Amino acid sequence: MSEGFSTLITNIGELVTNDPGAADLLGVVEDAALVVEGSAVAWVGRAADAPAADERVDVGGRAVLPGFVDSHSHLVFAGDRAQEFAARMAGESYAAGGIRTTVAATRAATDEQLTSHVARLVAEMRAQGTTTVEIKSGYGLSVRDEARSLAVARQFTEETTFLGAHVVPEGVTPEEYVALVTGPMLEAAAPYARWVDAFCERGAFDADQARAVLEAGAARGLRGRLHANQLGPGPGVRLAAELGLVAVDHCTYLEDADVDALRESGTIATLLPGVEFSTRQPYPDARRLLDAGVRVALASDCNPGSCFTSSLPLCIALAVREMGMTPAEAVHAATSMGARALDREDVGVLVPGRRADLMILDAPTHVHLAYRPGVPLVRGVWLAGRPL
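Quick summary incoming for the structure in this document. (Residues numbered from 1 in each chain as written. Predicted model: local features only at pLDDT ≥ 70, side-chain atom pairs only at ≥ 80, totals over all residues. Heavy atoms only, no water.)

Remarks on the overall build of the chain
At step 1: The secondary structure content of the chain amounts to 14 helices and 18 strands.
At step 2: For 388 residues, the compact-globule formula gives about 21 Å, and the C-alpha radius of gyration of the chain, at 21 Å, lands near that figure.
At step 3: With respect to the three principal axes, the spread of C-alpha positions in the chain is 65 × 45 × 40 Å.
At step 4: Counting all 388 residues of the chain, 57% fall into the buried class. (Helix = DSSP H or I, 4+ residues; strand = E, 2+ residues; numbered from the N terminus. Rg over C-alpha atoms; globule rule 2.2 N^0.38 Å. Buried < 20%, exposed > 50% of the residue type's maximum accessible area, 1.4 Å probe, protein only.)

Comments concerning the pairing of strand E5 (residues 63–66)
Regular strands place their side chains on alternate faces of the sheet.
At step 1: Bridging between strand E1 (residues 6–16) and E5 involves two bridges; their strand directions are parallel. Paired with Glu14 across the bridge in E5 is Ala63. (Pairing = 2+ DSSP bridges.)

A look at the packing of aromatic side chains
At step 1: Inspection of every chain in the model, using the stated rule, returns three aromatic pairs.
At step 2: Each ring, one from Phe77 and one from Phe308, has its centre 5.6 Å from the other, and the planes form 75°; the classification is edge-to-face. Separated by 231 residues along the polypeptide, Phe77 in the loop between strand E6 (68–70) and helix H1 (82–89) and Phe308 in the loop between strand E15 (296–298) and helix H11 (312–322) bring together distant segments of the chain.
At step 3: Using a relative accessible area of 1% as the deciding quantity, one classes Phe77 as buried.
At step 4: Grouped by ring-pair contacts, the aromatic residues Phe77, Tyr139 and Phe308 constitute a single cluster. (Phe/Tyr/Trp six-rings, centres within 6.5 Å; stacked < 30°, edge-to-face > 60°.)

Some remarks on the packing of H11 against helix H12 (residues 327–334)
At step 1: Across the interface, H11 lies against H12 with an axial gap of 9 Å and an inter-helix angle of 140°. With respect to H12, the axis of H11 lies oblique. Note that H11 runs across H12; the crossing there is right-handed. Every residue of H12 that contacts H11 at Leu312, Ile316, Ala319 and Val320 is listed here: Pro327, Ala330, Val331 and Ala334.
At step 2: Across the contact of H11 with H12, the residue classes break down as eight nonpolar, no polar and no charged. (Axes fitted to C-alpha atoms, helices over the stretch in contact; angles between N-to-C directions. Parallel < 35°, antiparallel > 145°, perpendicular 65-115°, else oblique. Left-handed = near helix turned anticlockwise from the far one by under 90°. Contact = heavy atoms within 4.5 Å. Nonpolar A, V, L, I, M, F, W, Y, C, P; charged D, E, K, R; others polar.)

Here we look at the packing of helix H5 (residues 174–189) against helix H6 (residues 207–219)
At step 1: Following both chains from N to C, one finds H5 and H6 inclined at 10°, their axes separated by 10 Å at the closest point. Between H5 and H6, the angle is such that the two are roughly parallel. In this structure, H5 uses Pro174, Val178, Val181, Thr182 and Leu186 to contact H6, whose residues at the interface are Gln209, Ala212, Val213, Ala216 and Gly217.
At step 2: For the contact of H5 with H6, a count of residues per class yields seven nonpolar, three polar and no charged.

Things to note about helix H3 (residues 111–127)
At step 1: Taking 1.5 Å of rise per residue, the 17 residues of H3 would be expected to cover 24 Å, and the 24 Å separating its terminal C-alpha atoms lies within 8% of that figure.
At step 2: Check the buried side of H3 and you find it contacts E6, helix H2 (99–108), strand E7 (130–133), strand E8 (135–136), helix H4 (143–154) and strand E17 (378–383).
At step 3: At the C-terminal side of H3, Gly129 shows a positive phi close to 100°. (Expected span 1.5 Å × (residues − 1).)

Concerning the pattern of salt bridges
At step 1: Scanning the entire structure with this criterion turns up 26 salt bridges.
At step 2: Measuring nitrogen to oxygen at the nearest pair gives 3.0 Å for the salt bridge that ties Asp145 to Arg144.
At step 3: The exposure class of Asp145 is buried, given its relative accessible area of 7%.
At step 4: Classification of Arg144 by relative accessible area gives exposed; the value is 54%.
At step 5: Of the charged contacts, one joins Arg287 and Glu329 as a salt bridge, the two residues approaching to 2.8 Å between their closest N and O atoms. (Salt bridge = Lys/Arg side-chain N within 4 Å of Asp/Glu carboxyl O.)

What to know about unusual backbone geometry
At step 1: Not every positive phi belongs to a glycine, and Asn11 is a case in point at roughly 60°.
At step 2: For Asn11, the location among the structural elements is in strand E1.
At step 3: Here Asn11 falls in the partly exposed class, since its relative accessible area comes to 35%.
At step 4: The phi angle at Asp343 is positive, at roughly 55°, despite the residue not being glycine.

As C-alpha cells, this is what we get:
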C-alpha cells in the first residue's frame, strides 16, 4: 500500500474522535465515516459528506474508536505466580515482596524466551483494541538484566520505561542499590528507555530514594513517572506533583492534599483497576478525582503478580462499575488520557493529521465496552492506517 493510498471507512454507527474541540467529551459523530491516507487520518465527518477514496470499507453500523493507549504495563518477565494469586484469593494480603519471585525467573530466561513472551502479550493487547503500549523493565534488578529487558521491550514500543527501582533485591542495602540504580544500571539502561520510574511505597522505595532515581534519570534525558499510593497513604503522589511529572500511577489511597496537588500540578492520575480486582484492595475513587478537576487515565498494569490482565475493556468495565466513572469518561481515560499520560498527541484521537490507530467494535456504541463485560467486542484493529 503506497503512502498516498486512501481508504474510506464508512457506515460507522458511532465514531468516537476524542476531538478536543468537540462539544462532548468523546467528540462523537453519528452516521459517520473517516478517510485514512497512508498512516494518518485524512478526513472525518458524516458518511453522506465523505470524499472519494481508493478503497471503501463498510463496517455495517458498528462503532469505531481510537485504539486504546495502555500507559502502564510490565510485560518483560518470565515465570508464573498463579499460586500467589490463589493464596490471595484464600485470604493472604498482597505485598511487594512477590516481585522477587519473578526476578529469579526473569534472570534465568533467555532473550529469545523473553521476546516470545512479550510478543504473545502484545498480541493479546492488540486483539483487545490496544494500539499503543508502554512497557517497563523492573524484573531484572541487575545492570545486565535491566538493560536487556529494555532492549526486548524496545522491539515492541518506543514507550519503554526503566524501572530498576522496583524493589531492593536480596543481598544489598537500599543505599547500595539506589547507588547502583542511579549509576551503572542507569547508564546501561538509558539508551533503550524513554522514561524512568520508581515504586515509591512501603516495602520498596521512600520519597528521598525515589526522588534520587528520578533526578538521575532526568539528568540522562529520561522523563519521569512514578508508582505511588498503591498500598497505603504516602508521599509519592505529592512528590510526583512537586516534580511536575506527566503522570503518577495507582493513586489508590489519597488524602485531600494529594488530590489538591494533582489538580494544581496537572499531573495525570493513572488508575489501574485491574490491580484492585486481582488483589481485593479498595478501588481508587475516580469520581472524587474527576469532580476535583484532576485528569484521569486508565491502564492495565499487566504484570505477573498483582494484575495479570492485558484487557483494557475489562479495566473500563471495572472503572464504570466500581470507580464511579461514566462509560464515556472511562473510554476517554483509556484512549485520549492514556496518550496524554505518555505525552503523546499523535494517538488516542481520530482527527485529521493524527495516526490512524483505531478499533472497530462489534457493537453500535462505546457504551457496550462496560455494558457487556467479558465479551470480545473488538471486531478489527487498524494500526498506522493498516488493518491487523
